[in-house]
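Each chain, written out:
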Amino acid sequence: MKKLLGFFMLINILSFSNVIPSIPVVPNTGNTDMDVPKLPTEDKTEKDGSIRKLLSNTTVMMESKLNVVVPLEIISDVDIKAMVVDDEKVEVPFSLELNKEPALKDHYKVKYSQDKIDIDGDGKVDTYIYSPKFLNKRIIDDNMVVIEGANISKEGTHEKKVYMTVEVKQ
């Protein structure tokens, strides 16, 4: 029984050994210099039999620079929790951190997916988000969430997710 099972496994291995590999194989060209073209060192014989004489061969050194622009983006998440009692007006300051100092002054703005929010869903706007007009520093501390308790009619815990992006002044 063991011999029969071993023979069956050997046949399966041999029958599936001609499967094409799933990872493409790069053919070996024999050139270990990654196929970088080399300068000619001898005269070249053309297909028609004529000979092109090599007069000189020169190496030219060049410099190239690459300008990479990294976009300005907000790298801090803001999580605000506040308790509002009755008709109380609550002001919650928060800060934003950018990935770098803005290169241009008065050019970038913060854009919120919503800046006037009806947090309890009763039809009255009760939460406002305020930020400076332009982003001119890496850390912006002058941001404020204002919750007006007089406009909140439903008691309980309310959550809202607001997305922030950086826009260019137009």
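Residues numbered from 1 in each chain as written. Predicted model: local features only at pLDDT ≥ 70, side-chain atom pairs only at ≥ 80, totals over all residues. Heavy atoms only, no water.

1. Re the pairing of strand β3 (residues 89–97)
For the record, the criterion: Summary of the burial criterion: residues with accessible area below 20% of their type's maximum are buried, those above 50% are exposed, and those between are partly exposed, where the area comes from a 1.4 Å probe applied to protein chains only. By definition, any uninterrupted DSSP run of H or I lasting at least four residues is a helix, any uninterrupted run of E lasting at least two residues is a strand, and each is numbered from the N terminus. Should DSSP find at least two bridges between two strands, the strands are regarded as paired.
Burial of β3 is one-sided: the residues V90, V92, F94 and L96 facing one way are buried, the residues K89, E91, P93, S95 and E97 facing the other way are not. Here β3 pairs with strand β7 (residues 139–148) via eight bridges, running antiparallel. What sits directly across from K89, in β7, is E148.

2. Regarding the packing of aromatic side chains
Note the following rule: Aromatic rings from Phe, Tyr and Trp, with only the six-membered ring used for Trp, were paired whenever their centres fell within 6.5 Å, and each pair was classed as stacked if the ring planes differed by under 30 degrees, edge-to-face if by over 60, and tilted otherwise.
Applying the stated criterion across every chain yields a total of one aromatic pair. Between Y128 and Y130 the ring centres are 6.3 Å apart and the planes differ by 15 degrees, which places this aromatic pair in the stacked class.

3. Remarks on the environment of L55
Considering the arrangement of structural elements, one finds L55 in the loop between β2 (51–52) and β3. Of the residues examined, L55 reaches a relative accessible area of 82% and is grouped as exposed. Taking C-alpha positions, L55 is 8.7 Å from D43, a pair spaced 12 residues apart along the chain.

4. Remarks on a nonpolar patch on the surface
Our working rule: Like charges are joined within 9 Å and nonpolar side chains (Val, Leu, Ile, Met, Phe, Trp, Tyr) within 5 Å, but only among residues with over 30% relative accessible area and no salt bridge; these make up the patches. In these tables, accessible area is a Shrake-Rupley quantity obtained with a 1.4 Å probe, and a residue counts as shielded only by the protein chains included in the view. Salt bridge, as used here: a side-chain nitrogen of Lys or Arg that lies within 4 Å of a carboxyl oxygen of Asp or Glu.
On the surface, L66, V68 and V70 cluster together into a nonpolar patch covering about 330 Å² of accessible area. Looking at the element boundaries, V70 is found in the loop between β2 and β3. You can call V70 partly exposed: its relative accessible area is 45%.

5. Quick notes on the side chain of S76
The condition is simple: A 3.5 Å cut-off defines polar contacts: any pair of N or O atoms within that distance qualifies, except that in protein one atom must be a possible hydrogen donor and the other a possible acceptor, and neighbouring residues in sequence count only when both atoms are side-chain atoms. Any two residues having at least one pair of non-hydrogen atoms within 4.5 Å are treated as being in contact.
Summarising the element assignment, S76 is placed in the loop between β2 and β3. Judged by its relative accessible area of 17%, S76 is buried. A distance of 3.0 Å separates a polar atom in the side chain of S76 from the backbone nitrogen of E97. Every residue in contact with S76, bar those within four places of it in the chain, is listed here: S95, L96, E97 and M164.

6. Notes on the sheet that holds strand β5 (residues 116–117)
By way of backbone hydrogen bonds, the strands of a sheet pair with one another, either parallel or antiparallel. Sheet architecture is open: four strands sit in the order β3-β7-β6-β5, paired in antiparallel fashion. Each edge of the open sheet carries a strand with a single partner, namely β3 and β5. Bridging between strand β6 (residues 127–130) and β7 involves four bridges; their strand directions are antiparallel. Within β7, the position partnered with Y128 by the bridge is V146.

7. Examining the side chain of D120
For clarity, the cut-off: His residues and chain termini do not enter the charge count, which takes Lys and Arg as positive and Asp and Glu as negative.
With respect to the helices, strands and loops of the structure, D120 is situated in the loop between β5 and β6. This buried residue, D120, is left without a salt bridge; K154 holds the nearest opposite charge, at 6.6 Å. A polar contact of 2.8 Å, which involves the side chain of D120, links it to the backbone nitrogen of S153. When neighbours within four sequence positions are excluded, D120 is seen to be in contact with D126, N151, I152, S153, K154 and H158.

Remember that the coordinates give geometry; whether it matters functionally is a separate question.
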